[in-house]
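# Results of the structural survey
Take a look at the letters that make up each chain.
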Amino acid sequence: MATEDTVNYWEGREIVYKPIGVIHSEHTEQENTPIQGIFNPSVGEIELSPEYEKGLKDIDKFSHLILLYHFDRSTGPKLIQEPFLDGENPKGIFAIRHFNRPNPIGFSIVDLLGVKGNRLKIGSVDILDGTPLLDIKPYVYRFDHRDEVKSGWVDEKHLDDIEEWNATPKELRDRERTKVE
């Protein structure tokens, strides 16, 4: 169990990661990028640095991947932020998936559509073009799926029609769409 001494040990220290590649997509502006890939069928590509290509062995057997990436266009951390789905009710940054985080790390589950050399074709992309990729992990249903999940304040939102209205920050400015009736 971590103690205050352990927390103090890490305070002020840096942890440095080197990108393993770059994510390419049709999304060039945060305002027009889907807030979650499941709401948009856009296709993109991962261009892995050639030195990591061997690490793709057997990845083609998976249908989905978990991507960890750096929000390189974050505008700086905000501990309280208005989530895109509930702009009238600010939340703590750790209760939302906004990009303005203390450590601007993004997480997406994408469809794996194909592998050719050091390039992976992906679907359900909610990531800006040119985003640095930190890691790829296979999505394994038996490990990653959970039953009886509570999704906090998100459970209170009407999300049934969100796919139809694209679910980008720009589209979600019409808060009437996300208010509970």
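It should be noted that the structure appears before, not after, this text.
Since the model is a prediction, treat every value here as computed from it, not as a measurement.

### Quick notes on the overall build of the protein chain
- If you tally the helices and strands in the protein chain, you get three helices and eight strands.
- When the helices and strands of the protein chain are listed from N to C terminus, the series reads α-β-β-β-β-β-β-β-β-α-α.
- Taking all 181 residues of the protein chain together, 35% fall into the buried category.
- A fraction of 75% describes how many contacts in the protein chain between residues 6 or more apart in sequence connect residues 24 or more apart.
- Accessible surface for the protein chain amounts to roughly 12000 Å². Of this, 51% is attributable to carbon and sulfur atoms.

### Examining unusual backbone geometry
- Residues other than glycine seldom take positive phi values, yet aspartate 58 does so here, at roughly 75°.
- One can find aspartate 58 in the loop between β2 (43–48) and β3 (64–70).
- Residue aspartate 58 is classed as partly exposed on the basis of its relative accessible area of 40%.

### What to know about the nonpolar core
- Formed by 23 residues in total, the largest nonpolar core has its most connected members in Leu67 and Ile136.
- Those elements that provide at least two residues to this core are β2, β3, β6 (105–116), β7 (119–123) and β8 (131–138).
- Among the elements that line this core, the one with the most residues is β3, at three residues.
- Residues in contact with isoleucine 136, not counting those within four places in the same chain, are Ile20, Ile46, Leu48, Leu56, Ile59, Leu65, Ile66 and Leu67.

### Structural notes on the sheet that holds β6
- Taken in spatial order, the six strands of this closed barrel run β1-β2-β7-β6-β3-β8, and their pairing is antiparallel. Shown here is a sheet whose adjacent strand axes are inclined to one another by a mean of 45°, direction ignored.
- Sheet topology places β3 next to β8; five bridges connect them, and they run antiparallel. Note on β8: the bridge partner recorded for leucine 68 is aspartate 135.

About the thresholds
- Residues numbered from 1 in each chain as written.
- Predicted model: local features only at pLDDT ≥ 70, side-chain atom pairs only at ≥ 80, totals over all residues.
- Heavy atoms only, no water.
- Helix = DSSP H or I, 4+ residues; strand = E, 2+ residues; numbered from the N terminus.
- Buried < 20%, exposed > 50% of the residue type's maximum accessible area, 1.4 Å probe, protein only.
- Contact = heavy atoms within 4.5 Å.
- Areas by Shrake-Rupley, 256 points an atom, 1.4 Å probe, with all protein chains shown as cover.
- Core = buried A, V, L, I, M, F, W, Y, C linked by side-chain atoms within 4.5 Å.
- Pairing = 2+ DSSP bridges.
- Axes fitted to C-alpha atoms, helices over the stretch in contact; angles between N-to-C directions.

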